[in-house]
Amino acid sequence: MKFLVVSDSHGNDEILQELYSQYPNMDYYLHAGDSQSSSMVIYPFDSVLGNCDYYDFDRCRRIKTPLGDVFMKHFPTLRSDEAKDVKFFIYGHTHRYKLEEEDGIIYICPGSVSLPRDGTLGTYIIIDINEEEAVIEVYELGSKNVLSSLKV
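Every chain begins its residue count from 1, and numbering advances along the sequence as written. Residue-level local features of this predicted model are given only where pLDDT is at least 70; pairs of side-chain atoms are given and counted only at 80 or more, and the full residue set underlies all totals for whole chains, interfaces and linings. Side-chain metrics in this entry use all non-hydrogen atoms of the structure; hydrogen atoms and water are not considered.

## So, helix 1 (residues 13-22)
- Burial classes follow relative accessibility: with a 1.4 Å probe on protein chains only, a residue under 20% of its type's maximum area counts as buried, one over 50% as exposed, and anything between as partly exposed. Numbering of helices and strands runs from the N terminus, with a helix taken as a DSSP run of H or I at least four residues long and a strand as a DSSP run of E at least two residues long. Here helix 1 has its buried residues at Asp 13, Ile 15, Leu 16 and Leu 19. All buried residues of helix 1 project into a common sector of 160° when viewed along the axis, lining one side. Turned more than 90 degrees from where helix 1 packs its buried face, Glu 14 and Ser 21 sit exposed.
- Whether two residues are in contact is decided by their heavy atoms: any pair within 4.5 Å suffices. In this structure, the buried side of helix 1 is in contact with strand 1 (2-6), strand 2 (28-31), helix 2 (39-42) and strand 9 (123-129). Read the arc as the range of directions from the helix axis to the C-beta atoms.

This is the structure we're talking about:
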């Protein structure tokens, strides 16, 4: 299972289409909220509702994987009632990329593709999950430099 994960594009729909053209063979294209665009405009990205969104997105999304569930919502807090079977927690809102493991859960924030607050040109994440392991990499826009990676 391959995932391309973005967040906080804030109306920059062109960057989403550019990423899709660079990575056309992903199984999932996920947006962790604040696209400020409709689902038709950001297609093939599947988004959750962010605090700046005015379209009819779900508040969260759950995807089953061989290693545990991927759970995505916009805000960076994972409540105990949401955490059941979660291995990968994806969130946005901070505009700063983050990749770390805590108490058996991988916390993943792709940062922002258009308004980064972490000194980058914008970031996105690729997750590759198979039966035995997951490889998660944070990329900087433009350069495609890997800024951070984690193998679990």
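## Quick notes on the pattern of salt bridges
- Put simply, a salt bridge is a Lys or Arg side-chain nitrogen that is within 4 Å of an Asp or Glu carboxyl oxygen. Applying the stated criterion across every chain yields a total of 10 salt bridges.
- Arg 79 is the salt-bridge partner of Glu 82, the closest N and O atoms lying 3.3 Å from each other.
- With relative accessibility at 9%, the residue Glu 82 sits in the buried group.
- Given the relative accessible area of 46%, Arg 79 is considered partly exposed.
- Linking Glu 100 and Lys 98 is a salt bridge whose minimum nitrogen-to-oxygen distance equals 3.4 Å.
- Residue Glu 100 is classed as partly exposed on the basis of its relative accessible area, which comes to 31%.
- Since its relative accessible area comes to 33%, Lys 98 is described here as partly exposed.
- It is possible to trace a salt-bridge network through shared partners that takes in Lys 73, Arg 79, Asp 81 and Glu 82.

## Side note on the sheet that holds strand 1
- The mixed open sheet is built from 6 strands, whose spatial order is 3-2-1-9-10-11. Only two strands of the sheet have a single neighbouring strand rather than two, namely strand 3 (46-47) and strand 11 (146-151).
- Here the rule is simple: two strands pair whenever DSSP picks up at least two bridges between them. By the bridge criterion, 5 bridges tie strand 10 (residues 134-140) to strand 11 in an arrangement that is antiparallel. Directly across from Val 135, in strand 11, lies its bridge partner Lys 151.
- Contacts from helix 1 reach strand 1, strand 2 and strand 9 within the one sheet, and its direction differs from that of strand 1 by about 160°. Think of each axis as a best-fit line through the C-alpha atoms, taken over the contacting stretch in the case of a helix, with angles from 0 to 180 degrees between the N-to-C directions.

## Comments concerning the packing of aromatic side chains
- Here a pair means two rings of Phe, Tyr or Trp (six-membered ring of Trp) with centres within 6.5 Å. Their orientation is stacked below 30 degrees between planes, edge-to-face above 60, and tilted elsewhere. According to the stated counting rule, one finds 8 aromatic pairs in the structure shown.
- Judged by centre distance (4.8 Å) and plane angle (10°), the rings of Phe 3 and Tyr 28 are stacked. Taken as a pair, Phe 3 in strand 1 and Tyr 28 in strand 2 lie far apart in primary sequence, 25 residues in all.
- With a centroid separation of 5.2 Å and an interplanar angle of 75°, the aromatic rings of Tyr 20 and Tyr 29 are classed as edge-to-face.
- Here Tyr 20 falls in the partly exposed class, since its relative accessible area comes to 32%.
- Residue class for Tyr 29 comes out buried when judged on its relative accessible area of 7%.
- Chaining the aromatic ring pairs together yields one cluster made of Phe 71, Phe 89, Tyr 91 and Tyr 107.

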